[in-house]
Structures are given as structure tokens and as C-alpha cells.
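Coordinate analysis (summary)
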Amino acid sequence: MMSVKQVHEVVIEAANTLEILERVLRVIRHRGFRVRTMNSEQMNDCNSIKITVTVSGERGIDLLTKQLDKLFDVSKLSYQQITA
């Protein structure tokens, strides 16, 4: 039986630290998801960054978002499923 890969867009607002992108990518990889697209932009206050990442995977998205939300630099997180 073949599993269906789901695609989600995850939007993360976080402190603009040197290592935030690396931490986000590490969590995505460790949770078994693949990055399809990724965009980051500095917020107006220069202390925050908005990261929009589209991921695909066979696991439930809650597994990923709960871990991303635990990162101490993350202040806000939202996600939505993308239909193909």
C-alpha cells in the first residue's frame, strides 16, 4: 500500500537570529518532511523574520508543527494544507 504525500504551507514568525533557518530546516528533516519551497523575509522591526516553507510528507503535519512551535525563537506559527 502506497502512502499519499500531503503538501502543507507553514508560516513561521521568529526572532531574527543567525541560526533560526538552520534550526527550522533541521526539525523539518528530522520529522521526515521535504522542503518544496522556502522564503524568508525580515519583518519591519528588524528583530523578527517571517519564514514561509512548503513541505511534503507522508506523516501528519501536527508532528512537524508541534516541534517547530517548541523552538524558543518561534513566536507564531500557522499552517494550511495545499491541494494539488
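Everything below is about the structure shown above.
These lines cover the structure that appears in this document, whether it is placed above or below. Sequence positions are assigned chain by chain, starting from 1 and proceeding in written order. Thresholds applied to this predicted model are a pLDDT of at least 70 for local features of residues and 80 or more for the giving and counting of side-chain atom pairs; totals over whole chains, interfaces and linings are not thresholded and use all residues. Only hydrogens and water are removed before side-chain values are computed, so all heavy atoms of the structure are retained for them.

The next point concerns the pairing of strand 2 (residues 34-42). A pair of strands is treated as paired once DSSP finds two or more bridges between them. A run of H or I in DSSP counts as a helix once it spans at least four residues, and a run of E counts as a strand once it spans at least two, with each numbered from the N terminus. Note that strand 2 and strand 3 (residues 48-57) share eight bridges and pair antiparallel. In the sheet register, Val 35 faces strand 3, and the bridge partner there is Val 55. From the end of strand 2 to the start of strand 3, which pair antiparallel, there are five residues, and Cys 46 there has a positive phi angle of about 65°.

As a further point, take the nonpolar core. To define a nonpolar core, start from buried Ala, Val, Leu, Ile, Met, Phe, Trp, Tyr and Cys residues and group those joined through side-chain atoms within 4.5 Å. For each residue, the accessible area found with a 1.4 Å probe, counting protein chains only, is set against the maximum for its type, and the residue is called buried under 20%, exposed over 50%, and partly exposed in between. Core analysis: the biggest nonpolar cluster contains 17 residues, and Val 10, Ile 12, Val 24, Ile 28, Val 55, Leu 64 and Leu 68 have the highest contact counts within it. Taken together, the elements giving at least two residues each to this core come down to strand 1 (6-15), helix 1 (20-30), strand 3 and helix 2 (61-70). Here a residue-residue contact requires only that any non-hydrogen atoms of the pair lie within 4.5 Å. Not counting chain neighbours up to four residues away, the residues in contact with Ile 12 comprise Val 24, Ile 49, Lys 50, Ile 51, Leu 68, Val 74, Lys 76 and Leu 77.

Spatial strand order, 2-3-1-4: four strands in an open sheet with antiparallel pairing. The sheet is open, and its two edges are formed by strand 2 and strand 4 (74-82), each paired on a single side. Ignoring which end each strand starts from, the neighbouring axes of this sheet average 15° apart. Relative to strand 3, strand 1 is paired through 10 bridges, and the arrangement is antiparallel. The partner of Glu 9 across the bridge, within strand 3, is Thr 54. All axes here are fitted lines through C-alpha atoms, helices being fitted over the stretch that makes contact, and every angle between N-to-C directions spans 0 to 180 degrees. Helix 1 rests against strand 1, strand 2 and strand 3 of the sheet, and its axis sits at about 20° to strand 3.

Next up on the list: helix 1. Each full turn of the α-helix corresponds to 3.6 residues, which orients residues three or four apart in the same direction. Buried within helix 1 we find Ile 20, Val 24, Val 27 and Ile 28. For helix 1, the angular spread of the buried residues around the axis is 100°, confining them to a single face. Facing away from the buried side of helix 1, by more than 90 degrees, are the exposed residues Glu 22 and Arg 29. The inward-facing, buried residues of helix 1 contact strand 1, strand 2, strand 3 and helix 2. Immediately beyond the C-terminal end of helix 1, within one or two residues, lies Gly 32, with a positive phi of roughly 85°. Relevant arc is that of directions from the helix axis to the C-beta atoms, nothing else.

Within the element layout of this structure, Thr 83 appears in the segment after strand 4. For Thr 83, a relative accessible area of 69% translates into the label exposed. Separated by 75 residues in sequence, Thr 83 and His 8 place their C-alpha atoms 8.6 Å apart.

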